[in-house]
Amino acid sequence: MTLHPTLAVLTYSGLALLSAGFGAIPVAFRQRLPPSWLGWANAVAAGLMLGVAYILMAAGLPRTPAVGAAGAVMGIAFLYWTHGVAGTQELELDRLGDTAPDYGYQLLLVNTMHAAPEGIAIGVAMTLSPSLGAFMALAIAVHNVPEAAVLAAVLKSRGLTLFQAAGAATATRVSQVLFAVATFAVVAAAPALAPWALGVAVGALLYLVMAELLPHCYRQAGHTSIALVAILAMGMVVLLAGGAP
Amino acid sequence: MPDTARVFTYALLTAFATGLGALPFAFVRGISPAVVAWTNAIASGLMLGASFGLVAEGTQYGAWETVAGATVGVGFILFTQRLLARSGVRFAHARGPGAQRMLLMIIVMTVHSFSEGVAVGVSFGGGMALAVAITIAIAVHNIPEGLAISAVLRPRGASLAACVGWSVFSSLPQPLMAVPAFLLVEAVRPALPYGIGFAAGAMVFMVLVELLPEAFDRARRAPVALIVCLTLVAMVVFQQYL
């Protein structure tokens, strides 16, 4: 059965969204996750995203390097700017036990902002080929689990029930689905925009890893274990994609 | 000029090109923590960008071989780190972790040059046009490598002359390996993805385990992230146009 492409995007990104719910499962078993677990989870996420960024670059860049680069700079600059405006540049995503009311909103905001470029990545990959789109959704889905786990752990420590925490974590990723479908629709309608979308996705993913995921990792666990976990995750993505699509 | 001498000369020129990468650091003298963070960020972006290009190339020969090489590269860094930590090293008027990082950087880049030298040598089997193209590509690619090396050495106290010297040194394996590679092309070609993977794995791991943690320790993460990302993109695009 072949799905109509837009429906496929919706399905794949929807599945990725649901996987965020799975992030709550480890939280159910332990009230307080040790910081090193959070660090390693973030490291897996970082490695997967770097791998995904590489796949997108290898797929799209050879055809239009200049436009791709311009898009990447745009993606990077946009995230840098929005974080600056929201005052969340130095926000720590894992302060278990922080009960300040603002922190909750900031956390949800940041997570939603993160989910958007991931959705763009899925949408863009889908325009390159359905199998790449499916693969991208899988990578993001896997990546959703540790990210949602971190968020759910913090929310739960702030007093939400497991169900509420899991629900909130999943909900922040709704923007993934929206952006995936929107990106796919826009690029399908205007193929000239494809290299831009690709560039923006890559730039945004890279910035997220460098500005958010990795700095957190290094505070939560040892450098060597973080580096090993991240590079392992990257390697798996590269290998599973056969190196280049 | 007989062929082997030509191969050697071309590869030697690529090695000297690495020294050019040190020149921008004529103006950097301060060793404030923030400068270390930003130059680490530059080096990280360059090395990650280079590794992306390497992986793309290596996987054309074989994805598993490239990843296998990368695994060895990671192991090599771990091993060298332990070795340096135990030996209480001094280097270019620095000691301790600063000296360790400088030495590690030089070792990584030098070992990486072996596979570049092989690439140059192998390309001569494909006719002069290809050989010239590859040589220019490697020479130009060497410049950011010299930049990355100097970015690690200069803020930790190395003189400009030392930066130039060590940059060139790190590329000397290129002419040394180019000649045997040229003479033994058929034997050497299967090893290429392993060598490429090794270089990529070592560089990425070094960025993740040394350069980035230190950068995030010493400066605010948003500017560091910005520098890494922009440099990475620049390097990837730069390699596309070679």
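Residues numbered from 1 in each chain as written. Chains lettered and ligands numbered in written order. Predicted model: local features only at pLDDT ≥ 70, side-chain atom pairs only at ≥ 80, totals over all residues. Heavy atoms only, no water.

Asker: So what exactly am I meant to see when it comes to the interface of chain A and chain B here?
Answerer: Interfaces are often sized by the accessible area lost when the parts come together. Tallying the contact residues gives 38 residues for chain A and 34 residues for chain B. Between chain A and chain B, the buried area comes to about 3200 Å², and carbon and sulfur atoms account for 80% of it. Across the chain A-chain B interface, the total number found is one salt bridge. For R221(B), the salt bridge goes to E212(A), with nearest N and O atoms at 3.5 Å. Taken together, the links from chain A to chain B amount to three residue pairs in polar contact (both at pLDDT 80 or more). Secondary-structure elements contributing two or more residues to the side of chain A that touches chain B are helix 3 (35–60), helix 4 (65–86), helix 9 (194–220) and helix 10 (223–240) of chain A. Ranked by the residues each element gives to the side of chain A that touches chain B, the list is headed by helix 9 of chain A, at ten residues. Per-class residue counts for the side of chain A that touches chain B are 28 nonpolar, seven polar and three charged. (Contact = heavy atoms within 4.5 Å. Buried area = accessible area lost by both parts, 1.4 Å probe. Salt bridge = Lys/Arg side-chain N within 4 Å of Asp/Glu carboxyl O. Polar contact = N/O pair within 3.5 Å; in protein donor to acceptor, adjacent residues only side chain to side chain. Helix = DSSP H or I, 4+ residues; strand = E, 2+ residues; numbered from the N terminus. Nonpolar A, V, L, I, M, F, W, Y, C, P; charged D, E, K, R; others polar.)

Asker: Looking at this structure, how should I read empty space enclosed by the protein?
Answerer: To find leftover empty space, one rolls a probe the size of a water molecule over the atoms. By the definition in use, this model includes three cavities of 30 Å³ or more. When its volume is computed, the largest cavity comes out at roughly 100 Å³. In this structure, the largest cavity is lined by 15 residues; those nearest its centre are M57(A), L61(A), G68(A), A69(A) and V202(A). Among the elements of the structure, helix 3, helix 4 and helix 9 of chain A together with helix 10 (221–240) of chain B are those that each provide at least two residues to the lining of the largest cavity. The element contributing the most residues to the lining of the largest cavity is helix 9 of chain A, with five residues. Of the residues assigned to the lining of the largest cavity, the class counts are eleven nonpolar, four polar and no charged. (1 Å grid on protein atoms, 1.4 Å probe; cavity = no way out; pocket = protein on both sides within 12 Å on 5 of 7 lines; lining within 4 Å. Points joined across faces, edges and corners; volume = space filled by probe spheres on them.)

Asker: How should I be thinking about the packing of helix 4 (residues 97–123) of chain B against helix 7 (residues 173–183) of chain B in this particular structure?
Answerer: Relative orientation and spacing of two packed helices are given, respectively, by the angle between their axes and the distance between those axes. Residue and element names in this part refer to chain B. Packing of helix 4 against helix 7 brings their axes to within 7 Å, and their N-to-C directions diverge by 40°. Taken together, the axes of helix 4 and helix 7 lie oblique to each other. Handedness of the crossing formed by helix 4 with helix 7: right-handed. Here T110, S113, F114, E116, G117, V118, V120, G121 and V122 of helix 4 lie close against helix 7, whose contacting residues are P173, Q174, M177, A178, A181 and F182. (Axes fitted to C-alpha atoms, helices over the stretch in contact; angles between N-to-C directions. Parallel < 35°, antiparallel > 145°, perpendicular 65-115°, else oblique. Left-handed = near helix turned anticlockwise from the far one by under 90°.)

Asker: Mind showing me how you'd approach the pattern of salt bridges here?
Answerer: One side chain can pair with another of opposite charge once the charged atoms of both are near each other. Residues and elements named next belong to chain B. Counted by the stated rule, this structure contains five salt bridges over all chains. In this structure, the salt-bridge partner of R156 is E214, at a minimum N-O distance of 2.4 Å. With a gap of 58 residues between them, R156 in the loop between helix 5 (128–153) and helix 6 (160–171) and E214 in helix 9 (residues 192–218) connect regions that are remote in the sequence. Take R156 and E214: they sit in the same class, and that class is buried. One network of salt bridges, with partners in common, ties together R101, R156, E210, E214 and R218. (Buried < 20%, exposed > 50% of the residue type's maximum accessible area, 1.4 Å probe, protein only.)

Asker: Help me understand a nonpolar patch on the surface, please; the structure alone is not making it clear to me.
Answerer: Residue and element names in this part refer to chain A. Taken together, the side chains of M74, V186, L193 and W196 define a hydrophobic patch exposed on the protein surface, amounting to about 350 Å² of accessible area. Within the element layout of this structure, M74 appears in helix 4. For M74, a relative accessible area of 48% puts it in the partly exposed group. (Patch = residues over 30% accessible without salt bridge, like charges linked within 9 Å, V, L, I, M, F, W, Y side chains within 5 Å. Areas by Shrake-Rupley, 256 points an atom, 1.4 Å probe, with all protein chains shown as cover.)

Asker: Mind showing me how you'd approach the side chain of Q81(B) here?
Answerer: Relative to the helices and strands, Q81(B) resides in helix 3 (residues 63–86). Non-local contacts of Q81(B), meaning those with residues more than four positions away in its chain, are made with L104(B), V209(B) and E210(B).

Asker: Any chance you could explain the packing of aromatic side chains here in plain terms?
Answerer: Each aromatic ring pair is described using two quantities: the centre-to-centre distance and the angle formed by the ring planes. This model, assessed by the stated rule, comprises six aromatic pairs over all chains. Ring geometry for Y54(A) and F52(B): centres 5.5 Å apart, planes at 85°, overall edge-to-face. Taken together, the positions of Y54(A) in helix 3 and F52(B) in helix 2 (residues 33–61) put the pair across two chains. Owing to a relative accessible area of 3%, Y54(A) belongs among the buried residues under this scheme. With relative accessibility at 6%, the residue F52(B) sits in the buried group. Arranged with centres 5.2 Å apart and planes meeting at 80°, the rings of W166(B) and F169(B) form a pair that is edge-to-face. (Phe/Tyr/Trp six-rings, centres within 6.5 Å; stacked < 30°, edge-to-face > 60°.)

Asker: I tried to follow the nonpolar core on my own but got confused; where do I start?
Answerer: In a soluble, globular protein the nonpolar side chains are often hidden away together inside. All names here are of chain A. The biggest cluster of nonpolar side chains holds 124 residues, and the ones touching the most others in it are L56 and M210. At 17 residues, helix 9 tops the list of elements feeding residues into this core. Other than its neighbours up to four places away in sequence, L56 contacts L61, A121, V124, A125, M136, L198, A201, V202 and L205. Residues A20, L151, V154 and L155 belong to the second largest nonpolar core, which totals eleven residues. (Core = buried A, V, L, I, M, F, W, Y, C linked by side-chain atoms within 4.5 Å.)

Asker: Can you help me understand the environment of A119(B) in this one?
Answerer: Residue and element names in this part refer to chain B. Within the secondary structure layout, A119 lies in helix 4. As for A119 and A17, which are separated by 102 residues in sequence, their C-alpha atoms are 16 Å apart. If sequence neighbours within four positions are ignored, A119 has contacts with I134 and I138.

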